[in-house]
Amino acid sequence: MNFQPILLTILAGSIALLDMSALAQSKPATPPAKTPAKAVSAKETAKKPATKDAALVVAPVIETEKSKSVYIVPMGIEDKGQFGLDIHPQVYEQIAKDITEKRPDIVVFILNSADLSSVRYLGDDPRKFGLFDDDGIRKMTRDLKEVIEKVGAESIMIVRDAVGYSVLLGLSWPNMYMTDSARLMGLERIQERTKVEDPEVYAKFREAMIGICNGFLISGGYDPNIGMAMMREDKMLSATFKGREIVWSDDAKGTWVVDGSKEKITAHFNSEMAEDLGLSDGTVSDDGATMIEDLMYLRGTRNYERLPQDGEILVRQYIDGWRKGLEDCVKSYTKYQEALGEAQGKDEKKNLSKAKGILEKVLSIVKKYPAVAIRLNQQFGISSLEIETELLTLQDRIRGLGKSTAPPSGGGGKGGGGGLGVGSNITDSQ
């Protein structure tokens, strides 16, 4: 068998295959047909940046908590917290206007008003006691609440100390906190306003006074039984926990007995007790440098800023002003008496005019600061009306001397002993 033709045929086929392979390698492969792209909406295009650099530009911004502005309002400062004098409607009328103008997010009242270091009032210096003008204080509190609500701010009360009538201010606000060493006590002072001999009249006066005082607690959302036990020695107070609710009762049958005796004792609270009983919302630092920071932390406010010009400036200016005014009145009264005593002979008219000028200065201070008028009348029996009457008397004497060169009958007879004699001990103040 001849295999030569077969081999030649195989050889020829191999050469053809090699040529085709070489041809394929020498030409670029035809690219595959493109798959149509999926349609992308404009919304998706906005969501998906085309490049890495574009992603950096349009990445979503995480919003942070908006900073809240805080406005501080002291009610008494340091050792100057006399209720009705240092804490007086006059200055809080100015603060109400300031809040309206500045529109803060949060208003924080800081109450620091203790009549004494203890609550034993009898025999103590009455000049240290606060005074309770229920109409004035009630209006002051109501006006402040209305202004705060109008500007859309949040109101918070911090009790740094409250002994005496100042308790009513501490419990006038629903959001109330206390500092570590704060006290709520001394509300039995209402007895000073109800002392009369007739037992029936006394009972009526007492109940009327309790009703007035409990009005402050009710406005703050507190149970009247608390106020009753703080004002009346014969009343008891206890609390019962029902789930998260605390129910107060005027007996000693509750789970937590605050005052379980009918002896001469009234209910009182420290910061720990008040927090445990839900009377306060929490306890913050006594240190003024960290007090507000503590408060904001407890309330979950991480981003806040205190307004640089707030109620603290107005309150300090007012307290320094009225106290300086009282001091000036005391000094002026001494000079007034000296001038009156020297109003004799040829210098009578000169010294009467001097005494009149001094008394006019006193009257201007009294009219500027109602607290000075209160203090002068409280301690020395000198009223604005008496000052005005004395000025008219001096004016008549001076006018009489101008009509005649001869001194009037009895002229100068009041030397040293005339004028506002009821205030002869005014220099014993301070």
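Residues numbered from 1 in each chain as written. Predicted model: local features only at pLDDT ≥ 70, side-chain atom pairs only at ≥ 80, totals over all residues. Heavy atoms only, no water.

Chemist: When you look at the side chain of Ser 113 in this model, what are you seeing that I'm missing?
Modeler: Relative to the helices and strands, Ser 113 is located in strand E2 (residues 106-114). Judged by relative accessible area, Ser 113 falls into the buried class, the value being 0%. Excluding residues that lie within four positions of it along the chain, Ser 113 makes contacts with Met 75, Gly 81, Gln 82, Phe 83, Ile 87, Asp 161, Ala 162, Val 163 and Ser 166. (Helix = DSSP H or I, 4+ residues; strand = E, 2+ residues; numbered from the N terminus. Buried < 20%, exposed > 50% of the residue type's maximum accessible area, 1.4 Å probe, protein only. Contact = heavy atoms within 4.5 Å.)

Chemist: I tried to follow the nonpolar core on my own but got confused; where do I start?
Modeler: For soluble globular proteins, the rule of thumb is that nonpolar side chains tend to be buried together. In this structure, Met 75, Tyr 92, Ile 95, Leu 184 and Phe 269 are the most contacted members of the largest nonpolar core, which totals 89 residues. Examining the composition of this core, we find that 11 residues originate from one element, helix H11 (residues 311-341), more than from any other. Those residues in contact with Phe 269 that lie beyond four places of it in its chain are Met 178, Ala 182, Arg 183, Leu 184, Ile 226, Met 230, Leu 237, Trp 248, Val 258, Ala 274, Leu 277 and Leu 279. Listed in part, the 13 residues of the second largest apolar core include Val 108, Ile 158, Tyr 177 and Val 284. (Core = buried A, V, L, I, M, F, W, Y, C linked by side-chain atoms within 4.5 Å.)

Chemist: Where do I start with a positive patch on the surface in this structure?
Modeler: A surface patch of like charges, here positive, comprises Lys 335, Lys 350, Lys 354 and Lys 361. Here the element with the most residues in the positive patch is helix H12 (residues 348-368); it accounts for 3 residues. (Patch = residues over 30% accessible without salt bridge, like charges linked within 9 Å, V, L, I, M, F, W, Y side chains within 5 Å. Areas by Shrake-Rupley, 256 points an atom, 1.4 Å probe, with all protein chains shown as cover. Salt bridge = Lys/Arg side-chain N within 4 Å of Asp/Glu carboxyl O. Lys, Arg positive; Asp, Glu negative; His and termini not counted. Charge placed at Lys NZ, Arg CZ, Asp CG, Glu CD.)

Chemist: I tried to follow the packing of aromatic side chains on my own but got confused; where do I start?
Modeler: What characterises a pair of aromatic rings is the spacing of the ring centres plus the angle enclosed by the ring planes. In the structure shown here, the tally under the stated rule is 8 aromatic pairs. With a centroid separation of 6.1 Å and 50° between ring planes, the pair formed by Phe 83 and Phe 132 is classed as tilted. Linking Phe 83 in the loop between strand E1 (68-75) and helix H4 (89-102) with Phe 132 in the loop between E2 and helix H5 (134-151), this pair joins segments that are 49 residues apart in sequence. Overall, Phe 83 belongs to the buried group, its relative accessible area being 1%. Summarising the aromatic geometry, the rings of Tyr 318 and Tyr 369 are spaced 6.2 Å apart at their centres and angled 55° between planes, so their arrangement reads as tilted. (Phe/Tyr/Trp six-rings, centres within 6.5 Å; stacked < 30°, edge-to-face > 60°.)

Chemist: Can you help me understand a nonpolar patch on the surface in this one?
Modeler: A contiguous nonpolar patch, built from Val 196, Val 201 and Phe 205 and spanning about 210 Å² of accessible area, is present on the exposed surface. One can find Val 201 in helix H7 (residues 199-220).

Chemist: Sorry if this is basic, but what is going on with the confidence of the model for the protein here?
Modeler: Segments scoring low in pLDDT should not have their predicted coordinates read at a detailed level. Here the protein averages 82 in pLDDT, and 76% of its residues register 70 or above. No element of the protein has a lower mean pLDDT than helix H2 (residues 42-47), which averages 40, and none a higher one than strand E4 (residues 176-179), which averages 98. Scored below 50 in pLDDT, residues 5-12 shows 1 contact in the model against residues more than four places distant or in partner chains. A low-confidence stretch, residues 408-417 stays under pLDDT 50, and its non-local contacts, those more than four residues away or across chains, total 14 contacts. (pLDDT = per-residue confidence, 0-100.)

Chemist: Could you clarify how one ought to interpret the environment of Tyr 177 in this entry?
Modeler: Turning to its location among the elements, Tyr 177 is positioned in strand E4. On the basis of relative accessible area, Tyr 177 is assigned to the buried category, the value being 5%. Sequence-wise, Tyr 177 and Leu 279 are 102 residues apart; in three dimensions their C-alpha atoms are separated by 8.7 Å. When near neighbours in sequence (up to four residues on either side) are disregarded, Tyr 177 contacts Ile 156, Met 157, Ile 158, Val 159, Ser 280, Asp 281, Gly 282, Val 284, Leu 295, Leu 298 and Arg 299.

Chemist: Would you mind going over the sheet that holds strand E8 (residues 256-259) with me for this structure?
Modeler: In sheet architecture, strand pairing relies on hydrogen bonds along the backbone and comes in two forms, parallel and antiparallel. Pairing is antiparallel in the open sheet, where 3 strands are placed in the order E7-E6-E8. On the outer flanks of this sheet lie strand E7 (245-249) and E8, each paired with one strand and no other. Here the strands of the sheet are splayed against their neighbours by 25° on average, with no regard to which way each runs. Relative to E8, strand E6 (residues 237-242) is paired through 3 bridges, and the arrangement is antiparallel. Residue pairing across strands places Leu 237 opposite Asp 259, the latter belonging to E8. (Pairing = 2+ DSSP bridges. Axes fitted to C-alpha atoms, helices over the stretch in contact; angles between N-to-C directions.)

Chemist: Hey, could you run me through the pairing of strand E3 (residues 154-163) in this one?
Modeler: For a regular strand, side-chain orientation follows a simple rule: the groups alternate between the two sheet faces. Most of E3 sits inside the fold, with 8 of its 10 residues counted as buried. Looking at chain direction, E2 and E3 are connected through 9 bridges and run parallel. Looking at the pairing, Ser 113 lines up with Ala 162 of E3. Looking at chain direction, E3 and strand E5 (residues 183-185) are connected through 2 bridges and run parallel. Across the sheet, the residue bridging to Ala 162 is Leu 184, located in E5.

Chemist: For this particular structure, what's the right way to read the packing of H4 against H11?
Modeler: The description of two helices packed together rests on the angle between their axes and the distance between the axes. Where H4 contacts H11, the axes come no closer than 10 Å and their chain directions differ by 155°. One finds that H4 runs roughly antiparallel with respect to H11. In this structure, the crossing between H4 and H11 has a hand that is right-handed. Side by side, H4 and H11 meet where Gln 90, Val 91, Tyr 92, Gln 94, Ile 95 and Asp 98 of the first sit next to Gly 311, Leu 314, Val 315 and Tyr 318 of the second. Looking at the contact of H4 with H11 residue by residue, the classes come out as 6 nonpolar, 3 polar and 1 charged. (Parallel < 35°, antiparallel > 145°, perpendicular 65-115°, else oblique. Left-handed = near helix turned anticlockwise from the far one by under 90°. Nonpolar A, V, L, I, M, F, W, Y, C, P; charged D, E, K, R; others polar.)

Chemist: Looking at this structure, I do not really get the packing of H11 against H12. What am I missing?
Modeler: Running from N to C, H11 and H12 cross one another at 165°; their axes reach a closest spacing of 9 Å. Judged by the angle between their axes, H11 and H12 are roughly antiparallel. Crossing of H11 against H12: the hand is left-handed. Contacts from Gly 325, Asp 328, Cys 329, Ser 332, Lys 335, Tyr 336, Ala 339 and Leu 340 of H11 reach H12 at Asn 351, Leu 352, Lys 354, Ala 355, Ile 358, Leu 359, Lys 361, Val 362 and Ile 365. In terms of residue class, the contact of H11 with H12 is made up of 10 nonpolar, 3 polar and 4 charged.

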